Amino acid sequence: MDARLGFTALQSAAGHSDIPHPEPVVRLRDFTRRFGPNTIIDGLDLDIAPGEFIALLGRSGSGKTTLLRTLAGLDEVRGQDVEVPDSRAVVFQDARLLPWKPVWKNVALGLKGDRVRDRSEAALKEVGLGHRLDAWPLTLSGGEAQRVALARALVREPKLLLLDEPFAALDALTRYRMHDLVLSLWRAHRPAVLIVTHDVEEAIALADRVLVLDKGRIVAQERITVPRGERSAISGRLREKLLSYLGGEDHGEGVVPFAPIAEAAE
Amino acid sequence: MTVLTADRRGHAHGGVQKFSLARFGGRWLSPVLLLLLWELGSRSGLIPERTLAAPSAVIGTLVEMLLSGELPSNLLVSFARVAVGLLIGVGLGLALGLVAGLSRTGELAVDPLMQIKRTIPVLALTPLFIVWFGIGETPKIALIAFAAVFPVYLNLYSGIRGVDLRLLDAAKSFGLSRWEQIWHVVLPSALPSLLVGLRYALSVAILVLVVAEQINASAGLGYLINNARDFMRTDIIVVCLMVYAILGLGADWLVRTVEARALIWRPSIVEQ
């Protein structure tokens, strides 16, 4: 079972020995980000291959959001070795639609060239919202708004699609539907995807590779080679392993994590 | 069971009738009663005509003034004063609000001056404006413009600064230029606040109009009132007061209409 996982665990980013991908779309080397005395990202190396689906796990304050903002080009990266593609798009946890523009204009926001409305309409049909082109965003449900946000990202045909906990605010049923939708869109368009999440199940269900970020470093990664849909067999053990990376190294901090209590019981 | 239902229904029916009477009859009852008392007081000589003309006399004067063209022509003069004053004042308020809202340098340059201006009551400037601009149309329009600047400025400025940074981030992540961000995100998000400012500007403009028109006017509603005062024509004064009230209502209606169009995306307005 372990052999099928293609398991690679890294104790620190310095030990990065992953097989280099041919011409990665994202390439970070020794990336560091500080806010005053706090180091948020600490010497991080990251390659993302074209069309790869990556899940980034981490607790609050692990640097997930900072890393995503860097990849999205929202923060300046002066003098750092950071390569990201120009064509990239983000889906945020809150859909962030402009309430004063009807749905199709939100999707078309900033698009250049002609036939903008047709392109927007096609993208909305792809996410199953062809009937809500002229609706006002504030009249949409949470799931619908998030599908519009997906359409708005995809209409740009990005090489890199960044998803920032996009389904965290949705109910479970809607979340599963959105997983299927994201996977089918990914298969159709083949962008590289990085999904930031704190839901281990979500990471296992979606990704080719799961990265665990802690204190600004990638402390572990798992490559999953089992096809999606047949992962229920491995998900239990993988889940435990990922959770131990997430919560295991927390000794000495204010909150007592789950793991030491379990150890004590043994 | 049947009896009980019938009883209930009868009861409910009576309740509804009473309720509707209180609602529709009741709201008009006291004003109509007041008018009647006023009319009676005038007819019986309790209220002398030089104190307050009877409602019937006021209505007669209104029709007379409408037919002679005296009221429409003077109303037009007053209306033009408000319109020109507002045009200048709102225009200035928009320009200053944009400058202060969109740039730090602009904020440093404009905002302190506007805060100083705010502390001066507009009407206190009347003597100064008469010295500067004489007693023609200019000081009247200048006063209205001066009063209308601040509410527009303040609400636009704070509307721009109150933009949702998460929406701006999203727009940035889709590669919108600075000007596209302002056009698609910043200005639309400042619009509701700007419309509140506009509503204030309209009502303060009408208030200032009333006072400004007392400055040696030779036409306009203020001129009519001044003339009527000299001849103790209380009926004409009351007619002019009514017209001022109607101007105020009209201004409010105008902004409401603009709001309903411009803010159609808001759920409360969508539901209506």
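Residues numbered from 1 in each chain as written. Chains lettered and ligands numbered in written order. Predicted model: local features only at pLDDT ≥ 70, side-chain atom pairs only at ≥ 80, totals over all residues. Heavy atoms only, no water.

## Section: the UniProt feature "transmembrane region" (unreviewed entry) in chain B
Residue and element names in this part refer to chain B.
- UniProt's feature table lists "transmembrane region" (unreviewed entry) at residues 75-99, 119-135, 141-160, 204-224 and 236-255, given in the numbering used throughout.
- A helix fraction of 100% and a strand fraction of 0% characterise residues 141-160, whose end C-alpha atoms lie 28 Å from each other.
- Segment residues 204-224 splits into 62% helix and 0% strand. End C-alpha atoms: 21 Å apart. (UniProt positions renumbered as here; feature names shortened; annotations may be inferred. Helix = DSSP H or I, 4+ residues; strand = E, 2+ residues; numbered from the N terminus.)

## Re the pairing of strand S2 (residues 26-35) of chain A
Residues and elements named next belong to chain A.
- Relative to strand S3 (residues 38-48), S2 runs antiparallel, the two being bridged by seven bridges. When the sheet's bridge partners are listed, Phe 35 is paired in S3 with Asn 38.
- With antiparallel pairing between neighbouring strands as the criterion, S2 and S3 make up a hairpin whose turn holds two residues, including Gly 36 at a positive phi of roughly 60 degrees.
- Sheet topology note: the S2/strand S5 (residues 81-83) ladder contains three bridges and is antiparallel. Looking at S5, one finds that Leu 28 is bridged to Val 82. (Pairing = 2+ DSSP bridges.)

## With respect to the interface of chain B and chain A
- Listed as interface residues are 17 residues of chain B and, on the opposing side, 22 residues of chain A.
- Between chain B and chain A, roughly 1,800 Å² of surface is buried when both sides are summed, and carbon and sulfur atoms account for 70% of that area.
- Put simply, chain B and chain A have three salt bridges between them.
- A salt bridge links Glu 180 of chain B to Lys 112 of chain A, with the nearest nitrogen and oxygen atoms 3.3 Å apart.
- Linking chain B with chain A are six residue pairs in polar contact (both at pLDDT 80 or more).
- Broken down by secondary-structure element, the contributors of at least two residues to the side of chain B that touches chain A are helix H7 (165-173), helix H8 (178-212) and helix H11 (267-271) of chain B.
- Sort the elements by how many residues they give to the side of chain B that touches chain A and H7 of chain B lands first, with six residues.
- For the side of chain B that touches chain A, a count of residues per class yields 10 nonpolar, three polar and four charged. (Contact = heavy atoms within 4.5 Å. Buried area = accessible area lost by both parts, 1.4 Å probe. Salt bridge = Lys/Arg side-chain N within 4 Å of Asp/Glu carboxyl O. Polar contact = N/O pair within 3.5 Å; in protein donor to acceptor, adjacent residues only side chain to side chain. Nonpolar A, V, L, I, M, F, W, Y, C, P; charged D, E, K, R; others polar.)

## Considerations on the side chain of Gln 146 of chain A
Residues and elements named next belong to chain A.
- Turning to its location among the elements, Gln 146 is positioned in helix H5 (residues 142-154).
- Relative accessible area serves as the criterion here: at 2%, Gln 146 is assigned to the buried category.
- Within the structure, Gln 146 has its side chain in polar contact with the backbone oxygen of Phe 92 (distance 2.9 Å).
- Each residue touching Gln 146, except ones within four places of it in the same chain, is listed here: Val 91, Phe 92, Gln 93, Ala 95, Pro 166, Phe 167, Leu 170 and Met 178. (Buried < 20%, exposed > 50% of the residue type's maximum accessible area, 1.4 Å probe, protein only.)

## With respect to the packing of H5 of chain A against helix H6 (residues 172-189) of chain A
All names here are of chain A.
- Interaxial distance between H5 and H6 falls to 11 Å at its minimum, and their mutual angle equals 15 degrees. Classified by the angle between their axes, H5 and H6 sit roughly parallel to one another. Of the two elements, H5 crosses H6, and the hand of that crossing is right-handed. Of the residues in H6, those touching H5 at Gly 143, Gln 146, Arg 147, Leu 150 and Leu 154 are Thr 174, Met 178, Leu 181, Val 182, Leu 185 and His 189.
- Looking at the contact of H5 with H6 residue by residue, the classes come out as six nonpolar, four polar and one charged. (Axes fitted to C-alpha atoms, helices over the stretch in contact; angles between N-to-C directions. Parallel < 35°, antiparallel > 145°, perpendicular 65-115°, else oblique. Left-handed = near helix turned anticlockwise from the far one by under 90°.)

## Section: the nonpolar core
- The biggest cluster of nonpolar side chains holds 113 residues, and the ones touching the most others in it are Phe 53, Leu 124, Leu 150 and Leu 242 of chain A.
- Looking at this core element by element, the count peaks at 13 residues for H8 of chain B.
- Beyond its immediate chain neighbours, meaning those up to four positions away, Leu 124 of chain A contacts Val 103, Trp 104, Val 107, Leu 129, Gly 130, Leu 133, Val 148 and Ala 151 of chain A.
- Counting 27 residues, the second-largest nonpolar core is a separate cluster that includes Val 25, Ile 41, Leu 74 and Val 82 of chain A. (Core = buried A, V, L, I, M, F, W, Y, C linked by side-chain atoms within 4.5 Å.)

## Section: unusual backbone geometry
Residues and elements named next belong to chain A.
- For Arg 96, which is not glycine, the phi torsion reads 55 degrees and is therefore positive.
- By relative accessible area, which is 16% here, Arg 96 ends up buried.
- Positive phi, close to 40 degrees, is recorded for Glu 165, a residue that is not glycine.
- If you trace the backbone, Glu 165 turns up in the loop between strand S7 (160-164) and H6.
- On the basis of relative accessible area, Glu 165 is assigned to the buried category, the value being 12%.

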